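Chain residues, written in single-letter form:
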Amino acid sequence: MILTVTLNTALDITYRVPSLAPHASHRVTDVAERPGGKGLNVARVLAALGHDTVVTGFAGGPCGAVLRDLLAPLPPVDALVPVAGRTRRTVAVVDAATGDTTQLNEPGPAITPEEWAAFLTTYAELLGGADAVALCGSLPPGIHVGAYAELIRRARAAGVPVLLDTSGEPLRRGIAARPDLVKPNADELARLTGSRDPLRAAHDARRRGAHTVVASLGPDGMLAAAPEGLWWAAPPATVRGNPTGAGDSAVAGLLSGLVEGLPWPQRLARAVALSAATVLAPAAGEFDVSTYEDLLPRVEVTTQATAA
Ligand SMILES: O=P(O)(O)OC[C@@]1(O)O[C@H](CO)[C@@H](O)[C@@H]1O
């Protein structure tokens, strides 16, 4: 079983408007609602790849109830911890004229020390049956900034490989707790290390404690810096669409590859193909299996000469 943790789950709302303009009023032509937050997207993609998945984190209030209702018929098993606060909404506005997406993320509910303690109990129980765990997304108010570092230490103590996908200070502290894998995007990596050169920044992130770093570089694909070597994987062509959730699909590709023991070039190719297929799908965290299968053999993976 693969466990994903989303401390700040969200009811993801996608609006489509003919053309988005500041200061204007807009008629929304399509509305989609999905159970979201990064770890939930990761779990849905993992399930589509045939892996047993369990999702945990927090859910509460009216949006939390809708989220759990939407999650109920889907394969990921719901092990979310109830909270008194209200699960947030995130809104992605897709401009039909340009295809661009504007994202608005609410902060999320305040979590109490008692709710955090209840979560830690659930997490310890779930780790007992997990082959790998992914820690995904922002922290809700009330959760201490070193929370991911704490969860990484617990996963390592339980012998469960752990992947971290977050940003800012939680990423910086999390890396120092020595996760097996981190998957920052170019901006997150630059903020962490001060370097916009992905290769240099990935080496720096490894020196800070990450065993392996996979940087997602948008249209330039992905770079993996691992103890075994360095690889670069590029999509067959630039894909245009809704990038929301593309990074989560990449995480699912990397985690499934880890659990299946795939060699790094295949893991990266899977992550890049899933990510591109997600950009091409209209809603976050969704992909068309035949688009993915078509892209996969066309991802180009090159080995870089220098070992990481
Ligand atoms: O605020 P966070 O936790 O960083 O990101 C939340 C979020 O924007 O990320 C996903 C796409 O990756 C969406 O499903 C979700 O709403």
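Residues numbered from 1 in each chain as written. Predicted model: local features only at pLDDT ≥ 70, side-chain atom pairs only at ≥ 80, totals over all residues. Heavy atoms only, no water.

Colleague: How do you make sense of the overall build of the chain when you look at a structure like this?
Modeller: Along the backbone of the chain there are ten helices and 15 strands. Computed over its C-alpha atoms, the radius of gyration of the chain comes to 18 Å, within 12% of the 19 Å expected for a compact globule of 308 residues. If one aligns the C-alpha atoms of the chain with their principal axes, the spans along those axes are about 50 × 45 × 35 Å. Residues counted as buried form 54% of the 308 residues belonging to the chain. Restricting to contacts in the chain with at least 6 residues of sequence separation, those with at least 24 account for 64%. As displayed, the chain offers around 13,000 Å² of accessible surface, 53% of which is attributable to carbon and sulfur atoms. Each charge class in the chain was averaged separately, 26 positive and 30 negative side chains, and the resulting centres sit 6 Å apart. (Helix = DSSP H or I, 4+ residues; strand = E, 2+ residues; numbered from the N terminus. Rg over C-alpha atoms; globule rule 2.2 N^0.38 Å. Buried < 20%, exposed > 50% of the residue type's maximum accessible area, 1.4 Å probe, protein only. Contact = heavy atoms within 4.5 Å. Areas by Shrake-Rupley, 256 points an atom, 1.4 Å probe, with all protein chains shown as cover. Lys, Arg positive; Asp, Glu negative; His and termini not counted. Charge placed at Lys NZ, Arg CZ, Asp CG, Glu CD.)

Colleague: Sorry, what's going on with the sheet that holds strand β3 (residues 30-36) here?
Modeller: Taken in spatial order, the four strands make up an open sheet running β3-β2-β7-β8, and their pairing is mixed. Each having just a single partner strand, β3 and β8 (101-105) make up the two edges of the open sheet. Here the strands of the sheet are splayed against their neighbours by 20° on average, with no regard to which way each runs. Where strand β2 (residues 10-17) meets strand β7 (residues 88-95), eight bridges bridge the pair, whose relative direction is parallel. Within β7, the position partnered with Ile-13 by the bridge is Val-91. (Pairing = 2+ DSSP bridges. Axes fitted to C-alpha atoms, helices over the stretch in contact; angles between N-to-C directions.)

Colleague: I'm lost on the site of the ligand in this one. Help?
Modeller: Taken together, the neighbourhood of the ligand is formed by 13 residues, with Asp-12, Asn-41, Arg-88, Ser-138 and Asp-248 sitting nearest. With respect to the ligand, the side chain of Asn-41 contributes an N or O atom lying 2.9 Å from an oxygen atom. Contact between the ligand and Asn-105: an oxygen atom at 3.1 Å from a side-chain N or O atom of the residue. About the coverage of the ligand: the protein hides 88% of its 400 Å² of free accessible area. Every element with two or more residues in the shell around the ligand is listed here: α1 (38-48), β7 and β8. (Near = heavy atom within 4 Å. Polar contact = N/O pair within 3.5 Å; in protein donor to acceptor, adjacent residues only side chain to side chain.)

Colleague: How should I be thinking about the packing of α1 against helix α8 (residues 246-260) in this particular structure?
Modeller: For any two helices packed against each other, one specifies the crossing angle of their axes together with the interaxial distance. Across the interface, α1 lies against α8 with an axial gap of 8 Å and an inter-helix angle of 55°. Compared by their axis directions, α1 and α8 come out oblique. Note on packing geometry: the crossing formed by α1 with α8 is right-handed. Every residue of α8 that contacts α1 at Lys-38, Asn-41, Val-42, Val-45 and Leu-46 is listed here: Asp-248, Ser-249, Val-251, Ala-252, Leu-255 and Ser-256. Among the residues forming the contact of α1 with α8, the class breakdown is six nonpolar, three polar and two charged. (Parallel < 35°, antiparallel > 145°, perpendicular 65-115°, else oblique. Left-handed = near helix turned anticlockwise from the far one by under 90°. Nonpolar A, V, L, I, M, F, W, Y, C, P; charged D, E, K, R; others polar.)

Colleague: How should the pairing of β7 be read in this particular structure?
Modeller: Within a regular beta strand, the side chains point alternately toward one face of the sheet and then the other, so they alternate between its two faces. Of all eight residues that make up β7, seven are buried, and the element is covered over most of its length. Note: β7 against β8, five bridges, orientation antiparallel. Bridge assignment links Thr-90 to a residue of β8, and that residue is Asn-105. Taking the residues between adjacent antiparallel strands as the criterion, β7 and β8 are bridged by five residues, where Gly-99 takes a positive phi near 85°.

Colleague: Teacher, can you tell me more about the packing of aromatic side chains here?
Modeller: The geometry of an aromatic ring pair is captured by the separation of the ring centres together with the interplanar angle, meaning the angle of the planes. This model, assessed by the stated rule, comprises four aromatic pairs. Note on Trp-116 and Phe-119: the rings are 5.5 Å apart at their centroids and 20° apart in plane angle, and the pair reads as stacked. Of the two residues, Trp-116 and Phe-119 both sit in helix α3 (residues 113-127), three residues apart, roughly one turn of that helix. Since its relative accessible area comes to 12%, Trp-116 is described here as buried. Of the residues examined, Phe-119 reaches a relative accessible area of 0% and is grouped as buried. Judged by centre distance (5.7 Å) and plane angle (20°), the ring pair of Phe-119 and Tyr-123 falls under stacked. Of this pair, Phe-119 and Tyr-123 both sit in helix α3, four residues apart, roughly one helical turn. Accessibility expressed as a relative area gives 0% for Tyr-123, which makes it buried. Across the ring face of Trp-264, the terminal group of Arg-267 is positioned such that the distance to the ring centre comes to 4.5 Å. (Phe/Tyr/Trp six-rings, centres within 6.5 Å; stacked < 30°, edge-to-face > 60°. Lys NZ or Arg CZ within 6 Å of the ring centre and 35° of its normal.)

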